[in-house]
Every structure is written in structure tokens, then in C-alpha cells.
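Listed below, chain by chain, are the residues.
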Amino acid sequence: MLFSAHSHSSSFTKVTLAHLLKFIPSFNSLAFSSTRFRSTSPPSSRTQLISHIITSFRQKDHDQHLLNHSSISNLRPHEVEPILFGLRATPDLAISFFEWSERHLGFTHHNLESFCSLIHLLLQKRMFDDARGVFDKMTERFRDFDCFHAFHMGLTSYQSNASTVYSFLVDNYCRIGNIDRAVELFFQMSKMVISISPYALMRMMNSLVDMNRIDIILNVYQEIANETRENNDLCPNLYGYVMGGFFKKGDANFGFEFHKAIIERGLVPNVVTCNKIMKGLCNDKCLGVANDFLSLMTEIGPIPTVVTFSTLMKAYCKETKLKEAFQLYDMMLVIGITPDLVVYSILVDGLFRAGKLDEGYQVILVALDKGIILDVVVLSSIIDAYVKKGNLQKGFDVYKKMLDGGIKPSVVTYGILINGLCQIGNLDEGVAIFGQILKQGLHPSVLVYTSLIDGMCKSGNLRYGFWLYDEMVTCGYTPDETVYSVLINGLTKQGRMHDAIRFFYKSDLKHGIVAYNTLIDGFCKLNLMKEAVKLYMKMGTYNLKPDIVTYTILIKATIETGRLPEALILFYQALKTGLLPDRVTYSVLIDGFCKENNVFIGLWILEMMLKNGVKPDIDVYNILINGFFKTGQLQKALEIFGQVRAYGPEPDIVTYNTIMSGYCSLKMLNEAVEVFYKEMKKKANVVTYTILIDGYCKEGKVEDAMSMFLVMLEQGLEPNVVTYSSLIDGYFKMLEMETALELHELMVRNEVCPNIVSYSVLIDGLCKRGSMEEALMVFHGALRRRLLPDVIVVWCDIGLIYSSYLWSKITESTRL
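Residues numbered from 1 in each chain as written. Predicted model: local features only at pLDDT ≥ 70, side-chain atom pairs only at ≥ 80, totals over all residues. Heavy atoms only, no water.

## Details of the overall build of the chain
Heads up, the condition is: Per the convention used, a helix needs a DSSP run of H or I reaching at least four residues, while a strand needs a run of E reaching at least two, with both numbered from the N terminus. Under the scheme applied here, a residue whose accessible area is under 20% of the maximum for its type counts as buried, over 50% as exposed, and between as partly exposed, the area being computed with a 1.4 Å probe on protein chains only. Only heavy atoms matter for contacts: two residues are in contact if any of them lie within 4.5 Å across the pair. Here, Shrake-Rupley sampling with a 1.4 Å probe gives the accessible areas, and only protein chains in the shown set may cover a residue.
Looking only at helices and strands, the chain has 45 helices and zero strands in total. By the burial criterion, 48% of the 816 residues in the chain qualify as buried. For the chain, long-range pairs separated by at least 24 residues make up 62% of all intrachain contacts whose partners lie at least 6 apart in sequence. In the form shown here, the chain has an accessible surface area of approximately 42000 Å², with 53% of it arising from carbon and sulfur atoms.

## Looking at the pattern of salt bridges
Just so we agree on the cut-off: The salt bridge criterion pairs a side-chain nitrogen of Lys or Arg with a carboxyl oxygen of Asp or Glu, the two atoms within 4 Å.
Within this structure, the stated rule accounts for 20 salt bridges. Put simply, arginine 213 and aspartate 180 hold a salt bridge, and the shortest N to O gap is 3.8 Å. Placement of the pair is arginine 213 in the loop between helix H11 (198–210) and helix H12 (214–227) and aspartate 180 in helix H10 (residues 179–191), with a sequence separation of 33 residues. With a shortest N-O distance of 3.2 Å, arginine 563 and glutamate 566 are connected by a salt bridge. A relative accessible area of 31% places arginine 563 in the partly exposed class. Each of Arg496, Asp499 and Arg502 takes part in salt bridges that share partners, so that together they form one network.

## So, the packing of H11 against H12
Think of two packed helices as two axes; the pair is described by the angle between the axes and how far apart they sit. Rule in force here: To get an axis, a line is fitted to the C-alpha atoms, and for a helix only the part in contact is used. The angle between two axes follows their N-to-C directions and goes from 0 to 180 degrees. Should an angle lie under 35 degrees it is considered roughly parallel, over 145 roughly antiparallel, and from 65 to 115 roughly perpendicular; all remaining angles are considered oblique. Two helices cross in a left-handed way if the nearer one is turned anticlockwise from the farther one by less than a right angle. They cross in a right-handed way if the turn is clockwise.
Relative orientation of the contacting elements H11 and H12 amounts to 155°, with a least axis distance of 10 Å. Classed by the angle they form, the pair H11 and H12 counts as roughly antiparallel. When the axes of H11 and H12 are compared, the crossing they make is left-handed. Residues Leu201, Met204, Met205, Leu208 and Val209 of H11 lie in contact with H12, whose contacting residues are Ile216, Ile217, Val220 and Ile224.

## What to know about the confidence of the model for the chain
Note that predicted coordinates carrying low pLDDT should not be read in detail. Where we set the bar: Per residue, pLDDT captures the predictor's confidence, and it can take any value from 0 to 100.
Confidence in the prediction of the chain, expressed as mean pLDDT, is 81, and 82% of residues score 70 or more. In the model, residues 1–42 has pLDDT below 50 throughout and makes 70 contacts with residues more than four positions away in sequence or in other chains. Below pLDDT 50 for its whole length, residues 789–816 participates in 19 contacts with residues either more than four positions away or in separate chains.

## Side note on the side chain of threonine 658
Cut-off, in case you're wondering: Two N or O atoms count as a polar contact when they lie within 3.5 Å, although within protein this holds only if one can serve as hydrogen donor and the other as acceptor, and sequence-adjacent residues are included solely when both atoms are side-chain atoms.
Mapped onto the fold, threonine 658 is located in helix H37 (residues 653–665). Reaching out from threonine 658, the side chain makes a polar contact with the backbone oxygen of valine 654 at a distance of 2.6 Å.

## Regarding helix H25 (residues 446–458)
The following threshold applies: What a helix is expected to span follows from its residue count: subtract one and scale by 1.5 Å.
With 13 residues, H25 should reach 18 Å at 1.5 Å per residue; the first-to-last C-alpha distance of 18 Å fits that figure. Counting buried positions along H25 gives 10 out of 13 residues, so the element sits mostly inside the fold. Restricting attention to buried positions, one finds in H25 the residues Val448, Tyr449, Thr450, Ser451, Leu452, Ile453, Asp454, Gly455, Met456 and Cys457. Those residues of H25 that are buried are in contact with helix H23 (411–423), helix H24 (427–439), helix H26 (462–474) and helix H27 (481–493).

## Overview of the side chain of asparagine 517
Residue position: asparagine 517 is located in helix H29 (residues 513–525). Here threonine 550 takes part through its side chain, which lies 2.6 Å from a polar atom of the side chain of asparagine 517. Excluding residues within four positions of it along the chain, asparagine 517 makes contact with Asp547, Val549, Thr550 and Ile553.

## So, unusual backbone geometry
Cis geometry is found at the peptide bond from glycine 301 to proline 302, where omega equals -5°. Inspection of the secondary structure puts proline 302 in the loop between helix H16 (287–300) and helix H17 (306–318). Phi is positive for lysine 285, close to 60°, though the residue is something other than glycine. By relative accessible area, lysine 285 is classed as exposed at 61%. At asparagine 597, a position not held by glycine, the phi torsion is positive, near 65°. With respect to the helices, strands and loops of the structure, asparagine 597 is situated in the loop between helix H33 (583–595) and helix H34 (599–611).

## Some thoughts on a nonpolar patch on the surface
Note the following rule: Patch criteria: residues need more than 30% relative accessible area and no salt bridge. Like-charged residues are merged within 9 Å; nonpolar side chains of Val, Leu, Ile, Met, Phe, Trp and Tyr are merged within 5 Å.
A surface patch of nonpolar side chains, about 270 Å² in accessible area, is lined by Tyr572, Ile601 and Trp604. In this fold, tryptophan 604 is placed in helix H34. Among the residues examined, tryptophan 604 registers a relative accessible area of 38% and is labelled partly exposed.

## Structural notes on helix H41 (residues 721–733)
Taking 1.5 Å of rise per residue, 13 residues should cover 18 Å, and H41 covers 18 Å from first to last C-alpha, within 8% of that figure. Among the 13 residues of H41, 11 are classified as buried, and the element is accordingly described as predominantly covered. Of all the positions in H41, only Val721, Thr723, Tyr724, Ser725, Ser726, Leu727, Ile728, Asp729, Gly730, Tyr731 and Phe732 are classed as buried. At the N-terminal boundary of H41, the capping side chain belongs to asparagine 720, with an oxygen 3.0 Å from the backbone nitrogen of valine 722. Two residues or fewer after H41 comes leucine 735, characterised by a positive phi angle close to 60°.

## A few points about the environment of asparagine 426
Mapped onto the elements of the fold, asparagine 426 is located in the loop between H23 and H24. Accessibility expressed as a relative area gives 24% for asparagine 426, which makes it partly exposed. As a C-alpha pair, asparagine 426 and glycine 455 span 29 residues in sequence and 8.4 Å in three-dimensional space.

## Remarks on the packing of aromatic side chains
The cut-off we apply is this: Aromatic pairing here means that ring centres of Phe, Tyr or Trp (its six-membered ring) are within 6.5 Å. Orientation follows from the plane angle: under 30 degrees is stacked, over 60 is edge-to-face, and everything else is tilted.
Using the criterion set out here, one finds 37 aromatic pairs in the structure. With a centroid separation of 6.3 Å and 70° between ring planes, the pair formed by tyrosine 399 and tyrosine 414 is classed as edge-to-face. Pair noted here: tyrosine 399 is in helix H22 (residues 392–404) and tyrosine 414 is in helix H23, with a separation of 15 residues, a long-range link. On the accessibility criterion, tyrosine 399 (12% relative accessible area) is buried. On the numbers, 6.0 Å between centres and 75° between planes, the contact of tyrosine 536 with tyrosine 551 is edge-to-face. Of the two residues, tyrosine 536 sits in helix H30 (residues 529–538) while tyrosine 551 sits in helix H31 (residues 548–560), which places them 15 residues apart along the sequence. Judged by relative accessible area, which is 13%, tyrosine 536 ranks as buried. Accessibility expressed as a relative area gives 3% for tyrosine 551, which makes it buried. Aromatic rings pair up to connect Phe466, Tyr469, Tyr484 and Phe503 into one cluster.

## Side note on the environment of asparagine 275
Mapped onto the fold, asparagine 275 is located in helix H15 (residues 271–283). Relative accessible area serves as the criterion here: at 11%, asparagine 275 is assigned to the buried category. In the structure, asparagine 275 is positioned 36 residues away from threonine 311 in sequence and 7.9 Å away in space, judged by C-alpha atoms. If near-sequence neighbours (up to four positions away) are discounted, asparagine 275 is found in contact with Thr305, Val307 and Thr308.

## Re the packing of H41 against helix H42 (residues 737–749)
As a reminder, the rule being used: All amino acids are sorted into three groups, where Ala, Val, Leu, Ile, Met, Phe, Trp, Tyr, Cys and Pro are nonpolar, Asp, Glu, Lys and Arg are charged, and the leftover types, Gly among them, are polar.
As a packed pair, H41 and H42 sit with axes 7 Å apart at the nearest point and diverge in direction by 165°. By the criterion of interaxial angle, the relationship of H41 to H42 is roughly antiparallel. Considering the relative orientation of H41 and H42, their crossing is left-handed. For the pair H41 and H42, contact is made by Val721, Tyr724, Leu727, Ile728, Tyr731 and Phe732 and by Met737, Thr739, Ala740, Leu741, Leu743, His744, Leu746 and Met747, respectively. Across the contact of H41 with H42, the residue classes break down as 12 nonpolar, two polar and no charged.

And the structure:
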């Protein structure tokens, strides 16, 4: 009997089997030389029964013929194995017979050899799922047996791969939780020089890691290390797998213990593998564990490399933990590892990201002093950091140093500079650098074209913007959504909505939400709400859903037309579609209601904003404070201000200017002055001084207003048209006409352009003085500037005086 542990005469087995095979030609496939039949029936009749069963299953008519067979009920458990062997070419039939025999013949206890035989043939056909099911039944029925010996005897008969069979067993023992049996089998395999599959090994090690069985893990690792001295691929992977397993389950100390133990056994892991572990820890943001691991490597090995340090250093910089990053830098120097270009690049990038440009520049100088040659990539990133910070001049300084050092700028470098120049409106230099790109034979990038097109559109030079667009297409670039949106935005800003729509539909690009929002916003700004709504409705045709920006644009436009209830309907429609309003959406609503003196509705919207987890900025509170002051609700305004000071956000200069302006509007000038001296004196701007100057003038305190005006000039602040208009009006009201006119002359000399308010003040003052000719000259000057006076009182005064003036002229000519 195959796999039998009983001892019978081997010679009897061989002679009987040879004798039987002579008389059964169809049974040639049953070449199981070690099988012994234990039956009282003549051997030929037992063999005929086995052959009959095999044939019946092959012809798939076993249910009809076998159950009526006279000897079928006498089939013994040890005769199941040769039948399985005969069906080995068709494993599905072998499984069917195995299950059929249990079901119909009462074989509730197949012997061990039958289970082993079935698993052998299933593994040979790579039917692993079926083999697992048989394995589970086998281990349930035979709880304690020598699986190595049981399966070893079938290797030759089934021509099985020993590694596949025993790896399968190790894997499945681990699966059912019998780890000790799996480990025992592994060591038996090792003794017989049978290699275990990487999958089964990792499965076993994973189970041991879960159980924190450091002792067994070390023994397995030692065995693998001894076996793989010539091929070192498996051992480093095993080390990394074990360490990663401990780290992932949060047992870093067990990982460190394992690391120490294998080094004590002389099995120093590869530093490359350690670096991979370091990278994994950094990617998982386990920086504390990574730092401890680096300390352990530094202490007992393997000696860390510059890659080890730079990996952790980069992770610290990403988390803006610059102090820790520089501590690593110092450690490198102490243990004698020379930082390379990558290390300095990481430190510089980290400092720049944190806004510490000067410190980053100092690191660059240190790198240069140490002979590190910075490449174009590093220098370009430095330039980019300065440009993004708004320090374009410093960016150009680095660019010049790049040129002086003989480092040729790349298209990326030029693109960064052009983008920076276009952002500040310096298009001439941007175009000059664009010329440098072409002159050097480089191909401008999409960033270069996009930056220039954006700059041209913002400056109103749409013709050149579209020329660049055509040039971009000619060069083979496919304009993206950003380019189209920039050009469409440029057209809408000039009110050229017809051209914008035509360009929008002309492109083959399937436009995204940005382009639609740009067009809708353009229509709204021109008060073409029907067209805006049509475009909004058309988005659904292209299966494009409006986003919160779309709704915010429509809400703002609706509020500006005074339709506040419709704005709220749009707001709730956005909520209904699952969109989350952002800070801008809420701010637009609050501002709209506050301007219509519905401040308490604005306050209710703020409460909704907070409830929905949107953190308001100081601008929202400034709107509410101003709204309460405008409606004369001083206590409510101060209550909101008190909440801001207590809980944030930090009040800004607009907040204090709003408070001061509110006090002045309620004729509480002393309180406004107190706020100025307590909170604002050192950070006051033109608006701050103008508020107080206007407040003093309205209360007839023009001397105090002039004193504040002089302090403002001493601070180097340039008065604006409102500042001058307030002072001029104050002096006119005090009948100090000469001073008022001198201030007007000073305003003109300082190239402060008059507006409707300043003209109204001047005309009103001249009329009251009786200087009608001068008043008329100023009036016609305002008309020429298209600043039509819309202040009713001033217009009435001018009308009366102008009539009196004409009548006096007629009377005078009659007398002559």
C-alpha cells in the first residue's frame, strides 16, 4: 500500500503486481510499485474491480453501473489509493470518486494514504484551492501524524516537486494556526535540502512575527542564512520582511531586538535593505521609529550611508521638522559621512518651503565652500522658491550666479523667471527672456507659453496673447484647460463676450468647469444674467456638474441685483446637490445681507458656517462688525469684536479701521482716537489716518485734522483723494477758503486724481464763496472727465447759482 508504514514482504508485492499486469493491458497506467493489496479475494478479481471503477468514472456512468456491481460493497479503504492513481490524469474525476466513495460506500474514514495521494495529484495539476480543501479534511481526521514521511513516499510515484508539496504543507499549517508543525516541517525540509518557496516562508515568518516568536524567527533566519551563502537574495528579503512586519504591527522594540540578535550571530544585514526599511518608515510617517532605527545602525551596524541619512532628512523636511533634519546633518559630520549634493538640496528645499529663504541661501554658500557643485535643477528650484515668495530680484541674483558659474539654464529655469515677471506685470523682460529661449534653440515649454499668455491677457494685450496661442499650437503643443481659461478670461474682462463664446466653442477640447465658470462670471459682471443662466443650464448637456465656484458666482451676481431671496435659493440648491459651500460662498452671502442692513441674517449664516465646519477668516467678521455699526447697533458690533479678540481669528488692520470708522459714524470720535493710540499707531495706514482726519473735520476740528495729516506725512504715507477731499471740505466749512484751495492745488501737484467726491466738495465750496466762474470751470472739468455730479444738493446749488450768474451777465450787458 502506497505510503504504508506496515512491513510486508516487498518481493511478494513485486511478483504479484507483475503477474497481475500481464493479464490487464488497460491497467498499464497503474505503475505504483510500492502498493500492496490487503484482501482475501483473488488478486485478479480485486484488480478487475479497481479497473472497472476507473473505467466507469472515465465514462461518467458510475452511478448507473457501480452501485449494482456485486463486489463494490467489498471495496476496502486501502484500494482507494490505486483508483486515485489511475484517475490522476483527470483530477476532477479523482475528486468525484473520492467524494462518491464516502457518500455511497460508507467510507467515512479514508486512510491517510488516500488523502496524501489526492493532494499529490491536485498539486501536480496546480489545483491549490481543491488541495487546501482536502488538506483541511485530512488534518481534521488525522490530527497527529508524520506528514513529512507520509508525503515523501508519494513523490516518486506522482513525480511531484518536493519543494511545491512541502511548501504547500508549511503554508497550510500556518493558515490553520498550527505554527509549530509548520516550523518542524521547515527544519525537516532543510535537513533534506528541500528548498521552501518564498511565499510559504514569508507566510510562516508572518505568523511567527504575529506571535512575537523571536527565538524561532532567529533560528529560521540562521538556517536560511546558512543555506543561502552563495545566493544572498532570499536572506535580505527575509530580514526586510521580518522588520517590516514588526514595524507595521507597532512592535518596533521586537524589530530592534531581532536586528541586534542577528548581528550578534554575525549575520549583519545589507545596508541597502536597511535603507529600504528606512524609506518605508518615512513613507508611513513613522519618523520617531526611523530615527531610532538610524541610531541603532550607527551604534551596532550596518554603517549607515549618505542615502540612509538623506532619506530620513527629506522626511523631516517634508514635515517642516527642520531642527531634526539639521541634527542629522550634524551627526553625518560627526561620524565622518560627507554630505553630497542631494543632502544640501534637501536642506535648501526644506528651508525654502518653510519660507526661510535667507537661511536657505546660507546653506547654499556652505555647500559651495565645501566644493559641492550645484546643478541646474537645484538652482532652478532655488529661483522658484524666491519667485513664489515674491522676491523676484533674489531669484535673478541666483540666475546671474548660475550664468557666472557656467551653468546653462534650462527651459524650466527660464519658465520660472518668465512666470515671475508676468505675475508682476513686467512683460517686456518676460518677452526678452522668451527671446533668449528661442535664440538658444530651446523649445519653449507649456509653462512658458501659459505664463506669457496669462501676462498678456491680464495687461489687456489680447492680440499678442492670441499670437502666442497660435505659436504654441504651431509648435505642436496641445493647449490645456488653463490656457483656454486664461484667454477666455481676458476676453470677458474686456466685455467681449461674443468673441469669448466663439473661441470657447471653436476649440476641440472638451472644456472643464473652469472655462464654464469663467464665461458665467463674465456674463454676470456685464449683468447679462439670462446668458449666464443659459450657459449654466447647458453644462448638464455635457454631463458637467456645476461646482461650488459656479454657484458662488451666480449667488454673488444675484445679490448684486438685489434679489437676496433668490440668492438663498441658489445656496440651498448647492447644498441639495451635495456641494459643500466654502469660505468665499458664505462671505458673499454675509456681505450681501449686511449691505442690505439684514445683519442678523448675516449672523445666522455665520452660525451655519461654523456648524458646517467652515472656519471663517477675519474678513467675515469685519463685514459683520461694519454691518452692525452701519445699523447703529454699537453693542452688537463690540460684542462680535470681543469674540474675535478672545477666540480668533487675529484682528487685522481692516478690523481696527472698521471699529474706528464705526465710532466716527456714531459721533464717538474720542473712542476712535483711543483705539488709534492703543492699537493702531504703529501699524496705521492711509485709511486709518483718513478716517480720523474725516472724523475731526466733520466735528469742525480742522486743526486736529491737519495735525493728523502732518503726522501721516512724517510716517511716509501718501494721502489719497479721500484724505484731501475730507480736509478740503473741512476747511471750506470753516470758511478758510484759501487753505482749502491750497490743499486742492497740493493734491493736483502730487498727481492725486480727483473723483466725483473731490469735485463735489470743491464746487460746493466755491459756490458758497461766491466764486461762480471758478465753480463752473470745475463743473465742466468734471464733465470732461465723465465724472457727472450725482450729489443732489450740489447739483441744486450749481443750478441756482448758474441761473443767478447768467441773469447778472444779461443785466450787465443791458446797462452797457
